[in-house]
Amino acid sequence: PDCNHENTSIVDTRSTEGGEAVRRRRECPECQFRFTTYERKDWQQLRVKKADGSTELYDTQKVRRGIELAVEKRPVSYGQIDEIVSQVTDTIESKDESLVDSNVIGRVVAKQLREIDQVAFIRFASVYEDYSDAEDFMSAANGLLSDATSMDSDEHTTQTS
């Protein structure tokens, strides 16, 4: 209020925006000035715990940049990138926690990339898993190949049955 009095009283409270916000009418007991406040859940308060123990605010643009680097020069559309970012955000928001481990984000992104583009998956995993030599790449590639082989044999078994 104009009088700079710190205490106010709530005159009226209503749910708005489909239940996503609370509208409150307030009044200053000193000068009777009335004003409206809105309370909304602030997802920007969601924090990410990094491997080194530090925390930072969750940033969808940072997730997007990581995905874009992995899919560079690959046949992955912007729509697919948007969908991955959306799924990552939905997954961590659904946990309804204020602190999420960066490994959770990395696993969700890796899972989505693995389904969309295996080369992008290897690129992302090389950074996310911190591959240090060629054996790490070979292990990841062999994992993809063995998964593909088992899917092919499952399809062959289903077709011959």
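This text gives an overview of the structure that appears in the document. Note that the structure is predicted; figures quoted are calculated from it, not measured.

With that settled, consider the overall build of the protein chain. Within the protein chain one finds five helices and six strands. Each helix and strand of the protein chain, ordered N terminal to C terminal, gives the series β-β-β-β-β-α-α-β-α-α-α. The proportion of buried residues among the 161 residues of the protein chain is 26%. In the protein chain, the proportion of contacts linking residues at least 24 apart, taken out of those at least 6 apart, comes to 38%. Roughly 11,000 Å² of accessible area belongs to the protein chain as shown, and the carbon and sulfur atoms make up 47% of that amount.

Glancing now at the sheet that holds strand β3 (residues 34-40). Pairing is antiparallel across the open sheet formed by three strands, whose spatial order is β1-β2-β3. Strands at the two margins of the open sheet, each flanked by one partner only, are β1 (9-16) and β3. Between one strand axis and the next, the sheet turns through 20° on average, direction left out of account.

Glancing now at the sheet that holds strand β6 (residues 99-101). With mixed pairing, three strands are arranged side by side in an open sheet as β5-β4-β6. Single-partner strands in this sheet number two, and they are β5 (55-57) and β6. When strand polarity is set aside, the average angle formed by the axes of neighbouring strands in this sheet is 35°. Sheet analysis places strand β4 (residues 47-49) next to β6, joined by three bridges and oriented parallel. Of the residues in β6, the one forming a bridge with V48 is V100.

What follows covers helix α3 (residues 102-116). For α3, which comprises 15 residues, the first-to-last C-alpha distance of 21 Å matches the rise-based estimate of 21 Å (1.5 Å per residue) to within 8%. Backbone nitrogen of N103 and a side-chain oxygen of the N-cap are separated by 2.9 Å at the start of α3; the cap is D101.

Moving on, we come to the nonpolar core. Core analysis: the largest hydrophobic core is formed by 25 residues, its most contacted members being Y58, V63, I67, V88, I105, V109 and L113. Those elements that place two or more of their residues in this core are α1 (60-71), α2 (78-94), α3 and α4 (118-128). Ranked by residues supplied to this core, first place goes to α3 with six residues. With sequence-adjacent residues up to four places away left out, L113 is seen in contact with I67, A70, V71, I84, Q118, A120, F121 and F124.

All right, on to the environment of T91 then. Counting through the fold element by element, T91 comes out in helix α2. For T91, a relative accessible area of 28% corresponds to the partly exposed category. For the pair T91 and V108, spaced 17 residues apart in sequence, the C-alpha separation works out to 8.0 Å.

Let us now look at the packing of α2 against α3. Taken N-terminus to C-terminus, the directions of α2 and α3 make an angle of 145°; their axes are 10 Å apart at the nearest point. Crossing of α2 against α3: the hand is right-handed. Seen from α2, the contacting residues are Q80, I84, Q87, V88, T91 and I92; seen from α3, they are V104, I105, V108, V109, Q112, L113 and I116. Residue composition of the contact of α2 with α3, by class: nine nonpolar, four polar and no charged.

Right, let's talk about the pattern of salt bridges for a bit. Per the counting criterion, the structure on display carries eight salt bridges. Where D12 meets R23, a salt bridge forms, and the shortest distance between an N and an O atom there is 3.7 Å. Of the two residues, D12 is situated in strand β1 and R23 in strand β2 (residues 21-27); the sequence distance between them amounts to eleven residues. A relative accessible area of 25% means that D12 is categorised as partly exposed. Taking the shortest distance from any N to any O, the salt bridge between R34 and E27 comes out at 3.1 Å. We classify R34 as partly exposed; its relative accessible area is 43%.

Quick notes on the rules
Residues numbered from 1 in each chain as written. Predicted model: local features only at pLDDT ≥ 70, side-chain atom pairs only at ≥ 80, totals over all residues. Heavy atoms only, no water. Helix = DSSP H or I, 4+ residues; strand = E, 2+ residues; numbered from the N terminus. Buried < 20%, exposed > 50% of the residue type's maximum accessible area, 1.4 Å probe, protein only. Contact = heavy atoms within 4.5 Å. Areas by Shrake-Rupley, 256 points an atom, 1.4 Å probe, with all protein chains shown as cover. Pairing = 2+ DSSP bridges. Axes fitted to C-alpha atoms, helices over the stretch in contact; angles between N-to-C directions. Expected span 1.5 Å × (residues − 1). Polar contact = N/O pair within 3.5 Å; in protein donor to acceptor, adjacent residues only side chain to side chain. Core = buried A, V, L, I, M, F, W, Y, C linked by side-chain atoms within 4.5 Å. Left-handed = near helix turned anticlockwise from the far one by under 90°. Nonpolar A, V, L, I, M, F, W, Y, C, P; charged D, E, K, R; others polar. Salt bridge = Lys/Arg side-chain N within 4 Å of Asp/Glu carboxyl O.

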